[in-house]
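Breakdown of the fold
Here are the chains, one letter per residue:
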Amino acid sequence: MLQLIIEGKRAVLSPDTSLSVQLKNSLLTDSEEDSTYPFTLPVSENRHIFGFPDLINNNDFIRQYSGMVMFGPYQILSGEVIITDISDSEIELYIATNNRSFWGKFGKKYLDEYDLGSETWSYDAFNSSLRNYKPYVCIQLYDPSFDVEGYIPEWYNRWQMVYSRLQVTQNGIKNNICPFMRLKELIERIFTNSGYTISYNVMDEMGYFENILIIHRHTFNEPSTFHYNEVLPHITIQEFLEECRRKFGLVFFINEAGRTVIIRSSVNLRTDNALPLEIFDNFQKTIDSESENKVYKFTDKSVTDKLIDAYAADLVYITGDENSENLTTVECISTIMGTENKLEQFFSGEIDSLGESVFLSVRYTLLSTASQADDTEFRLAVYNGLANRIEYADTITIPIAQYVVPEASLVGVGFNLLWTGEKGLYNVFHRALCGIDTSLSVEMELNRDIRLLNNLQNMFVCSVVCRNQRFIVREQEIEFCGDRIVSHKITAIPV
């Protein structure tokens, strides 16, 4: 039976009350839009829920409430209940779903202002991040624009090479330590710190996500506590998660009823087990000529940075003719970190068997200086950990301490942050989806199975199979009336 629950109280509905719920697959569309669902309630049976608003002398009653719609034991939608009109016989209201959803509650909050966890400021913890898994990594970066009184100018995270530790001081002056958050860790903390449980995370099966770092520079003065949000750009949670979809094909299916999240990728579309569905009625195929021969253009954010000029051709990818009328442009708000590898020699503190000083060479990465003051700067790099050793090629050359530095691409890693190439972003994360012909869609009415209401997002999470054909569900429409499911229709794309 269709039920409307307002502030924990069950409203009395008219016997002929109907509801049509429309859902869209966020894999194929932008993040969830605000939807409104109108209801008309009889006053006499429901006036107590709203504080008797029908009384002519009651003008200060509450107009907004929290509520949800149930059908049987399953929650269909939840949101904010807003009263729009009152007469002597009826109360008109609607439920706005977005305001009470994850996107409505948290989407507009800024990363650098949101509580994502913290820990005691500790050089031991920062040194541990060089070898062990931490939510962040303190890597060696060189920035000629950096200059803080009392700190070594031009350096972030100077190594103490002999002991493979961050060098706290150099010539009696402190170095500046700057941790950089792991992308995977940040995504997970956004949801868990918002009260959601991640029931499935595709990034766990794609291990290289652990190696992506968010490079955002920040000046610390050795506080007692390191807050993770301090090293993040000033962008909203929604902007950040949408960027993860644009760049890495990640999709976040959020079940508000169970407060769970499934993180999927377009990579899985053709490989995962499909959900079998039974068709109630015949299907109808529709051809959208405007979607035929669609061309996609993916671009990184354009920045003034001489250190990535050499990558210019690799920071864009076009699947066909750029002059096509069916061109869809996907513009990212992030780009790679500008890098330039250099070597510096310095005394290791050791004396060799001949009584001569042993010098080491350190490789470091030069950072771009173009956007030092831009707190929205969103740069990414791949980091493959600390190669904790010193290699001697022979007895004549100066030994080089091998430390892996963050770059746009690393040998041996399953992907890179460039759009081109076999392991580029397009080929790894987007080819499967962009290769699907979205001009052909099939409308089907499913068997009216109440069990499908348990989690309507399940139909979007993976592909489905109907009559031995695999599809991606683009939209769902479920119509209810009283105690009946009138219809459950889907629009799907063959794959």
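A brief look at the structure comes next. (Residues numbered from 1 in each chain as written. Predicted model: local features only at pLDDT ≥ 70, side-chain atom pairs only at ≥ 80, totals over all residues. Heavy atoms only, no water.)

For the rest of this paragraph, the subject is the sheet that holds strand S27 (residues 335–336). Taken together, the 3 strands give an open sheet; going across it, the order is S18-S30-S27, and neighbouring strands pair in mixed fashion. Lying at the two open borders of the sheet, with one neighbouring strand each, are strand S18 (212–215) and S27. Summarising the sheet, S18 and strand S30 (residues 379–382) pair through 4 bridges and their orientation is antiparallel. Across the sheet, Ile215 pairs through a bridge with Arg379, a residue of S30. (Pairing = 2+ DSSP bridges. Helix = DSSP H or I, 4+ residues; strand = E, 2+ residues; numbered from the N terminus.)

Before going further, it helps to examine the packing of aromatic side chains. Aromatic ring pairs are defined here through the distance separating the ring centres and the angle between the ring planes. The final tally for this structure, using the stated rule, is 22 aromatic pairs. Here Phe102 and Tyr196 contribute two aromatic rings whose centre-to-centre distance is 5.5 Å and whose plane-to-plane angle is 85°, an arrangement assigned as edge-to-face. Of this pair, Phe102 sits in helix H2 (residues 102–106) while Tyr196 sits in the loop between helix H4 (183–192) and strand S17 (197–201), and the two are 94 residues apart along the sequence. Given a relative accessible area of 0%, Phe102 falls into the buried group. Ring geometry for Phe248 versus Phe429: centroids 5.6 Å apart, planes at 85°, classification edge-to-face. Within this pair, whereas Phe248 is found in helix H5 (residues 237–248), its partner Phe429 is found in helix H6 (residues 425–434), the two being separated by 181 residues in sequence. We classify Phe429 as buried; its relative accessible area is 1%. Every member of this aromatic cluster is reached through a ring pair, and the members are Phe102, Trp103, Phe106, Tyr114, Phe191, Tyr196 and Phe252. (Phe/Tyr/Trp six-rings, centres within 6.5 Å; stacked < 30°, edge-to-face > 60°. Buried < 20%, exposed > 50% of the residue type's maximum accessible area, 1.4 Å probe, protein only.)

We now examine the layout of surface pockets. When its volume is computed, the second largest pocket comes out at roughly 630 Å³. Along the walls of the second largest pocket sit 22 residues, with Leu27, Leu28, Arg245, Tyr296 and Leu433 positioned nearest its centre. Breaking the lining of the second largest pocket down by element, the ones donating at least two residues are H5, strand S24 (295–299), strand S26 (327–331) and H6. (1 Å grid on protein atoms, 1.4 Å probe; cavity = no way out; pocket = protein on both sides within 12 Å on 5 of 7 lines; lining within 4 Å. Points joined across faces, edges and corners; volume = space filled by probe spheres on them.)

In this section: H6. With 7 of 10 residues buried, H6 lies mostly within the body of the structure. Among the residues of H6, those classed as buried are Leu425, Tyr426, Val428, Phe429, His430, Leu433 and Cys434. The inward-facing, buried residues of H6 contact H5, S24 and strand S25 (316–318). (Contact = heavy atoms within 4.5 Å.)

Strand order in the open sheet formed by 3 strands is S17-S21-S20, and the pairing between neighbours is mixed. Where the open sheet ends on each side, the last strands, each with one partner, are S17 and strand S20 (250–255). Strand-to-strand twist across the sheet, computed as the mean angle between neighbouring axes with direction ignored, equals 25°. In terms of strand pairing, S17 meets strand S21 (residues 260–265) through 4 bridges, oriented parallel. Residue Asn201 lies in a different strand from S21, and its bridge partner there is Ile263. Running at roughly 140° to S17, H4 makes contact with S17, S20 and S21 of the sheet. Packed on one face of the sheet, H5 meets S20 and S21 and runs near 135° to S20. (Axes fitted to C-alpha atoms, helices over the stretch in contact; angles between N-to-C directions.)

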